[in-house]
Amino acid sequence: MIPFLDLKSIQQAHADELKQAFARVLESGWYIMGEELKQFEREYADYCGTAHCVGVANGLDAIILALKAVGVGPGDEVIVPSNTYIATWLAVSHLGATPVPVEPVPATGNMDPAALRSALTERTRAIVPVHLYGQAAELDQILAFAREHGLKVVEDGAQSHGVLYKGKRVGSHGDAVAWSFYPGKNLGALGDGGAVTTNDPEIAERIRVLRNYGSRVKYHNDVIGYNSRLDELQAALLRVKLPYLDADNSHRKAIAQYYLGALNSIPGLILPALAEGCESVWHLFVIRHPDRDGLAAHLAKHEIGTVIHYPIPPHMQPAYASLNIAEGSLPVSETMHQQVLSLPIGPTMTLADAEIVVKVIVGYFGR
Ligand SMILES: *Cc1c(COP(=O)(O)O)cnc(C)c1O
């Protein structure tokens, strides 16, 4: 049996260190906004090469607070990818703003910079590029468009911890980057967690205040804030895992490169491609085929786990019925959603298991 992602083995590789971190927090008597959070924020900011990191409760809150901190509010429009996890859109909606989707580049699945113009109105306030599947978005073109039109850029880095864009780690290209430490992400906690990185001290300070009831000094509330803090325990556990992130990402890359080489001659099968200057940390290895459901069933029969990221695009979810975006109006994304399938990949998956996955896929297509 080959699971899609073996979270237990990922934690067990660091079990002793994680238990020590837990014991440290247990003994400290301090569980919210303490030394572990401060240290993790410093370490993650340094890792990303940014001036500031602010820990928050989860990835969705990270996008919400970052957008709020750059000034997005009711009545604004925010350009988002049509092909993303729905959290990117939800963050915009929770601020009373409207998500306006643009289509992806078919080869990469990432936001198409050439499509931005079609989504621009006088109400556009910001863009949220997503580094989808772990691949850096085409930031230079997106940032140039944003500068030209006075827009803010908040990147959704939930799937892309450690990724390089043109040789520089993602974390401070745009105004801010929102991160998730959901357990299944490349840098995952043992529960929910998130953060925002930025080089702008004012944005960092606004988020620090917003995440803690709008308060700088206890029981003095300057703005209408949230309760969205990264707790001490998750911060301590993330500090254990951060030093292994690069090695984990290299291992994912080795599996991805094996898949790319071994699956490249199957008719009709589309393999992931990288845009120029955009590396990937291979959060997901997403293939496409018109007979996706048949292939997924065949892999399941051979006890190989796969996941569809994602079965339904955000604009076709009941949650977004009120936007009245007709089926068929975002055809690139809609076709991708019908054809995508994510193969097993992860830091503890063996190359021997990847070979079995390839054999079963090759077997299905009868060659
Ligand atoms: C996981 C994810 C999020 C949300 O993160 P949570 O920590 O689960 O709230 C946002 N955007 C993308 C692209 C994600 O993959």
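Throughout what follows, the structure given in this document is the object of discussion. From a predicted model like this one, the values you see are computed outputs, not experimental measurements.

### Quick notes on a nonpolar patch on the surface
- Judged by side-chain polarity, F22, L26, Y31 and I32 come together as a nonpolar surface patch covering roughly 390 Å² of accessible area.
- Residue placement: I32 occurs in the loop between α2 (15-28) and α3 (35-48).
- By relative accessible area, which is 38% here, I32 ends up partly exposed.

### Topic: the nonpolar core
- F40, Y44, I127 and F181 are the most contacted members of the largest nonpolar core, which totals 41 residues.
- Elements supplying a minimum of two residues to this core: α3, β3 (98-102), α6 (116-119), α7 (139-149), β8 (176-180) and α9 (232-241).
- Among the elements that take part in this core, α3 stands out by supplying six residues, more than any other.
- Once residues lying within four places of it in the same chain are set aside, the contact partners of I127 are V78, I79, M111, L116, I142, F145, A146, L151, K152, V153 and V154.

### What about the sheet that holds strand β4 (residues 124-127)?
- The seven strands are arranged β1-β9-β8-β5-β4-β2-β3 in an open sheet whose pairing can be described as mixed. One side of each edge strand has no neighbouring strand; the edge strands of this open sheet are β1 (52-56) and β3. For this sheet the average axis-to-axis angle between neighbouring strands, irrespective of direction, equals 30°.
- The pairing of strand β5 (residues 152-156) with β8 spans three bridges and is classified as parallel. From the neighbouring strand, V154 faces β8, where its bridge partner is A176.
- Across the sheet, helix α4 (residues 59-69) lies against β1, β4, β5, β8 and β9 (194-198), angled at about 165° from β8, the strand it touches most.
- Strands in contact with helix α8 (residues 201-210) are β1, β8 and β9; relative to β1, the strand with the most contacts, it is inclined by about 20°.

### Topic: the pattern of salt bridges
- Following the criterion strictly, the structure yields 16 salt bridges and no others.
- E36 serves as the salt-bridge partner of R239, at 3.0 Å between the closest nitrogen and oxygen. Taken together, the residues span a long stretch of sequence, with R239 in helix α9 and E36 in helix α3 at a distance of 203 residues.
- Under the relative-accessibility criterion, R239 is labelled partly exposed at 22%.

### Here we look at the site of the ligand
- Within the structure, the ligand sits among N58, G59, L60, Y85, A87, V130, D156, A158, Q159, S180 and K185.
- One of the backbone N or O atoms of G59 is found 2.7 Å from an oxygen atom in the ligand.
- S180 has a polar side-chain atom sitting 2.6 Å from an oxygen atom of the ligand.
- Within the complex, the protein chains bury 91% of what would otherwise be the 380 Å² of accessible surface of the ligand.
- Looking at the shell around the ligand, its residues break down into five nonpolar, four polar and two charged.

Conventions and cut-offs
- Residues numbered from 1 in each chain as written.
- Predicted model: local features only at pLDDT ≥ 70, side-chain atom pairs only at ≥ 80, totals over all residues.
- Heavy atoms only, no water.
- Patch = residues over 30% accessible without salt bridge, like charges linked within 9 Å, V, L, I, M, F, W, Y side chains within 5 Å.
- Areas by Shrake-Rupley, 256 points an atom, 1.4 Å probe, with all protein chains shown as cover.
- Salt bridge = Lys/Arg side-chain N within 4 Å of Asp/Glu carboxyl O.
- Helix = DSSP H or I, 4+ residues; strand = E, 2+ residues; numbered from the N terminus.
- Buried < 20%, exposed > 50% of the residue type's maximum accessible area, 1.4 Å probe, protein only.
- Core = buried A, V, L, I, M, F, W, Y, C linked by side-chain atoms within 4.5 Å.
- Contact = heavy atoms within 4.5 Å.
- Pairing = 2+ DSSP bridges.
- Axes fitted to C-alpha atoms, helices over the stretch in contact; angles between N-to-C directions.
- Near = heavy atom within 4 Å.
- Polar contact = N/O pair within 3.5 Å; in protein donor to acceptor, adjacent residues only side chain to side chain.
- Nonpolar A, V, L, I, M, F, W, Y, C, P; charged D, E, K, R; others polar.

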